[in-house]
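Spelled out from the first residue to the last, the chains are:
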Amino acid sequence: MQRVAVVVFPGSNCDADTLDAARAAGSDAYYVWHRDANLQQADAVILPGGFSYGDYLRSGAIARFSPVMRAVTAHARAGGAVLGICNGFQILCEAGLLPGALMRNARLKFLSRPVRVRVETTDTPFTRSYEQGEELSLPIAHGDGRYVVDTRTAAELEAQAQIVLRYVTENPNGSTHDIGGVCNVARNVVGIMPHPERRNTPVLGGQDGARVFLSLEARNATQHAGDMRAVDGRHLRV
């Protein structure tokens, strides 16, 4: 059983759903407040969606300075699994744990609806239960979901298979290369804009997001990140 810390920031609004989804998958999930510096021996950390600190300045820009983020950064750099969902993805980018940034949607409108995404990378702790190329229907709910990187970084993400989810059928927010989620080089830190916790049971319209959490309980779910930790320190490069 994996111990999963769900970090709660002022303004988080998907923390309860994320906690429930992790517990439904069999994890020992619990909350960690943003002022805490102890992850309580977590195997995995999830930064949930919401509007941390009201999304003042930029989405995630203030949350990245919360005391808990020092522990999250240390956990990530030691090879621990970290997932950022929506606002959590924004925080991971602001903290430098993932490359790129999340900007205002191309049409400057808040979007809240299901989208189609394709699983591009399955060798992360959160996607190993999917098949590469599998298409999912997952909800989005964001105003700052346009993932942007420079041309060189975009090419590196493609070459190193760091794109985790890619929008198909339509690109709802104008993200570079239709990117809906990425991972770091070591593949233990993942950020996605869609909300898997909002589609993990039939009563929510489907179970396409359930395997994000079930992947944590899959056998050897953290093995890949551990194998990658010592490779030229590349997990520190974001």
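Cut-off values and rules
- Residues numbered from 1 in each chain as written.
- Predicted model: local features only at pLDDT ≥ 70, side-chain atom pairs only at ≥ 80, totals over all residues.
- Heavy atoms only, no water.
- Helix = DSSP H or I, 4+ residues; strand = E, 2+ residues; numbered from the N terminus.
- Contact = heavy atoms within 4.5 Å.
- Salt bridge = Lys/Arg side-chain N within 4 Å of Asp/Glu carboxyl O.
- Buried < 20%, exposed > 50% of the residue type's maximum accessible area, 1.4 Å probe, protein only.
- Disulfide = S-S within 2.5 Å.
- pLDDT = per-residue confidence, 0-100.
- Phe/Tyr/Trp six-rings, centres within 6.5 Å; stacked < 30°, edge-to-face > 60°.
- Lys NZ or Arg CZ within 6 Å of the ring centre and 35° of its normal.

Engineer: What's the story with the side chain of Asn200 in this structure? I'm lost.
Structural biologist: Mapped onto the fold, Asn200 is located in the loop between strand E11 (189-192) and helix H5 (210-217). Sequence-distant contacts of Asn200, defined by excluding residues within four places in its chain, comprise Ala21, Gly206, Gln207, Gly209 and Ala210.

Engineer: Explain the pattern of salt bridges to me, please; I cannot follow it from the model alone.
Structural biologist: Note that side chains of opposite charge can pair when their charged atoms are close. One pass over the structure, following the stated rule, counts eleven salt bridges. Arg3 is paired through a salt bridge with Asp28; the nearest N and O atoms lie 2.9 Å apart. In this pair, Arg3 sits in strand E1 (residues 3-8) while Asp28 sits in strand E2 (residues 28-33), placing the two residues 25 residues apart along the sequence. For the salt bridge of Arg118 with Glu120, the shortest nitrogen-to-oxygen distance reads 3.0 Å. Owing to a relative accessible area of 25%, Arg118 belongs among the partly exposed residues under this scheme. A network of salt bridges, in which partner residues are shared, links Arg118, Glu120, Glu158 and Arg166.

Engineer: It is not clear to me how the state of the cysteines should be interpreted in this structure. Could you clarify?
Structural biologist: Any covalent bond linking the sulfur atoms of two cysteines counts as a disulfide. Evaluation of the coordinates by the stated rule reveals zero disulfides. Cysteine Cys183 shares no disulfide, and the gap to the nearest cysteine sulfur, in Cys93, comes to 12 Å. Taking the relative accessible area as the measure of exposure, Cys183 reaches 0% and is therefore buried.

Engineer: Please clarify how the confidence of the model for the protein chain should be interpreted in this entry.
Structural biologist: Predicted coordinates in areas of low pLDDT are best not read in detail. The share of residues in the protein chain with pLDDT of 70 or more is 92%, and the mean pLDDT across the chain is 91. Confidence drops under pLDDT 50 across residues 220-238; counting only partners more than four residues distant or on other chains, this segment forms 31 contacts.

Engineer: Would you explain the packing of aromatic side chains in this entry?
Structural biologist: The relation between two aromatic rings is expressed through the spacing of the ring centres and the mutual angle of the planes. Summed over the entire model, instances satisfying the criterion amount to two aromatic pairs. Seen from their ring centres, Phe51 and Phe110 are 6.4 Å apart, and the 35 degrees between their planes marks the pair as tilted. Pair noted here: Phe51 is in the loop between strand E3 (44-47) and helix H2 (68-77) and Phe110 is in the loop between strand E5 (101-103) and strand E6 (111-119), with a separation of 59 residues, a long-range link. The class for Phe110 is partly exposed, based on a relative accessible area of 46%. Seen in terms of ring centroids, Phe89 and Tyr147 are 5.7 Å apart; in terms of plane orientation they differ by 20 degrees. Their pairing is stacked. Here Phe89 is found in helix H3 (residues 87-94), whereas its partner Tyr147 is found in strand E8 (residues 146-148), with 58 residues between them in sequence. When sorted by exposure, Phe89 lands in the same class as Tyr147, which is buried. One residue, Arg64, lies across the ring of Phe65, its end atom 4.4 Å from the ring centre.

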